[in-house]
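Residue-level listing of the chains:
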Amino acid sequence: MRRHRGAGLRLVIRAATTEAIAAGAALIRRGDLVAFATETVYGLGADATNPTAVARIFEVKRRPSFDPLIVHIESPGQLSSVAAVMPRAATALAARFWPGPLTLVLPKAQAIPAIVTAGLPSVAVRLPSHAVARALIAAAGRPIAAPSANPFGYISPTTAAHVAAQLGDEIPLILDGGPCAVGLESTIISCVGPQPVLLRAGGIPLEDIGAVIGPVQVDPGGTGVLAPGQLPRHYAPRTPITIVHTLADIAAPQRAGAALLLPWPEPGTSGFGRVEVLADDRALPTVAARLFDAMRRLDAGGYERLYARAVAEVGLGRAIMDRLRRAATAER
Ligand code: TXA
Ligand code: MG
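About the thresholds
- Residues numbered from 1 in each chain as written.
- Chains lettered and ligands numbered in written order.
- Predicted model: local features only at pLDDT ≥ 70, side-chain atom pairs only at ≥ 80, totals over all residues.
- Heavy atoms only, no water.
- Phe/Tyr/Trp six-rings, centres within 6.5 Å; stacked < 30°, edge-to-face > 60°.
- Helix = DSSP H or I, 4+ residues; strand = E, 2+ residues; numbered from the N terminus.
- Salt bridge = Lys/Arg side-chain N within 4 Å of Asp/Glu carboxyl O.
- Buried < 20%, exposed > 50% of the residue type's maximum accessible area, 1.4 Å probe, protein only.
- Axes fitted to C-alpha atoms, helices over the stretch in contact; angles between N-to-C directions.
- Parallel < 35°, antiparallel > 145°, perpendicular 65-115°, else oblique.
- Left-handed = near helix turned anticlockwise from the far one by under 90°.
- Contact = heavy atoms within 4.5 Å.
- Near = heavy atom within 4 Å.
- Polar contact = N/O pair within 3.5 Å; in protein donor to acceptor, adjacent residues only side chain to side chain.
- Nonpolar A, V, L, I, M, F, W, Y, C, P; charged D, E, K, R; others polar.

Trainee: Explain the packing of aromatic side chains to me, please; I cannot follow it from the model alone.
Mentor: What characterises a pair of aromatic rings is the spacing of the ring centres plus the angle enclosed by the ring planes. All chains considered together, the criterion is met by one aromatic pair. With a centroid separation of 6.3 Å and an interplanar angle of 65°, the aromatic rings of F272 and Y307 are classed as edge-to-face. Of this pair, F272 sits in the loop between β14 (258-262) and β15 (274-277) while Y307 sits in strand β16 (residues 305-309), and the two are 35 residues apart along the sequence.

Trainee: Explain the pattern of salt bridges here, please?
Mentor: Note that side chains of opposite charge can pair when their charged atoms are close. In total, this model carries 14 salt bridges according to the counting rule given. With a closest N to O distance of 3.8 Å, R62 and E170 form a salt bridge. You can see R62 sitting in the loop between α2 (51-61) and β5 (70-72) and its partner E170 sitting in the loop between α5 (160-167) and β9 (173-176), a full 108 residues away along the chain. Look at R62 and you get exposed, because its relative accessible area is 54%. Across the pair D67 and R63 runs a salt bridge whose closest N-O atoms are separated by 3.0 Å.

Trainee: Help me understand the packing of helix α8 (residues 284-299) against helix α9 (residues 317-328), please; the structure alone is not making it clear to me.
Mentor: Each packed pair of helices is defined by two parameters, the angle between the axes and the distance between the axes. For the pair α8 and α9, interaxial distance at closest approach is 9 Å and the crossing angle is 20°. Of the possible angle classes, the one that applies to α8 and α9 is roughly parallel. For the pair α8 and α9, the sense of crossing is left-handed. Contact residues: α8 offers L284, V287, A288, L291, F292 and M295, while α9 offers G317, I320, R323, L324 and A327.

Trainee: Help me out: how do you make sense of α5 in this one?
Mentor: In an α-helix, one full turn covers 3.6 residues, which means residues spaced three or four apart are oriented alike. Along α5, the positions that sit buried rather than exposed are A160, H162, V163, A164 and L167. Buried residues in α5 make contact with β2 (12-15), β3 (34-36), β4 (43-47), α2, β9 and α8.

Trainee: What should I look at first to understand the site of ligand 1 in this one?
Mentor: Lining the immediate surroundings of ligand 1 are 27 residues, of which T40, R63, D67, H72 and S186 lie closest. Residue T40 places a side-chain N or O atom 2.7 Å away from an oxygen atom belonging to ligand 1. At 2.9 Å, a side-chain N or O of R63 approaches an oxygen atom of ligand 1. Those elements that place two or more of their residues in the shell around ligand 1 are β5, β7 (122-126) and β11 (197-200). Counting residues per element, the shell around ligand 1 draws most heavily on β7, at four residues. Here the shell around ligand 1 is built from residues that sort into 15 nonpolar, seven polar and five charged.

See the structure below:
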């Protein structure tokens, strides 16, 4: 157990032993918040059936109340307490990808309070695969509403230390389950309309979704659901980011004060203040798993600008480019 030296001196990061899970579940049941590991990013959890507990999530994250949360369940049996109906496409997707980094937007069950869904008649549901997340939900005995455990608009946390660095003074417990294996948030598919719609690219590639349910419409935005995962500027470091398609575009004078983020090794990188290579194995899952941690480290490096090398938008490349583009969108 490690006590965090934040101003509050309240936070405890604990390896997710059985005792720590039980302590986390007790906190959830009494209406407190617990940050916990999932396979995508760390979540900031509260009892999804307790509106006061959920309100605290919005407060701690400084998240606008129009931004609905994802409800995490531990078994398919829990679904009926969260969602009113399971459309056919949702059943097929759940059978194939749960537990895992897929969130389904479904008609909401009554037990879920309006604050969770920002007043929408639909609810976002995910059955995570990470053992810590599942053990916590099971021990709490209720569904857990959890956004990513970061201040609103900043880069999502993929380690317990990321959570502690930003929210450490505001939450009593972080259940440390190691670095997140996927490293990007879940793919979100809405199943409430006539056709399934991709609302957010994420850990399950769109091609894999399509292989199960056929072509999926991609939300062009402006559907009336205000979803900050869809705001142009999100997942953003403080240092300005520029996405480049070829390194030759970056002139020598621009390189000195800048850091370069590369998906994999490539030549022509001389002159940068720092070069960060995400995946020596050239594999997109490795790029995804390391992306947010690298962005945080480079953001703390005091560089004038970060240059991020683009990847092709296939497979996980779609979600990687989505996060890079939102991070690169200048504040208006
Ligand atoms: O991987 C993940 O999904 C992580 C981990 C913790 O599970 N969670 C996560 O939550 O990314 P968050 O709060 O950062 O993203 C929630 C997003 C909202 O911003 C919105 O885009 C979408 O989920 N969402 C939630 N409820 C919705 C609804 N009823 N209709 C449409 N979109 C919804
Ligand atoms: Mg988030």
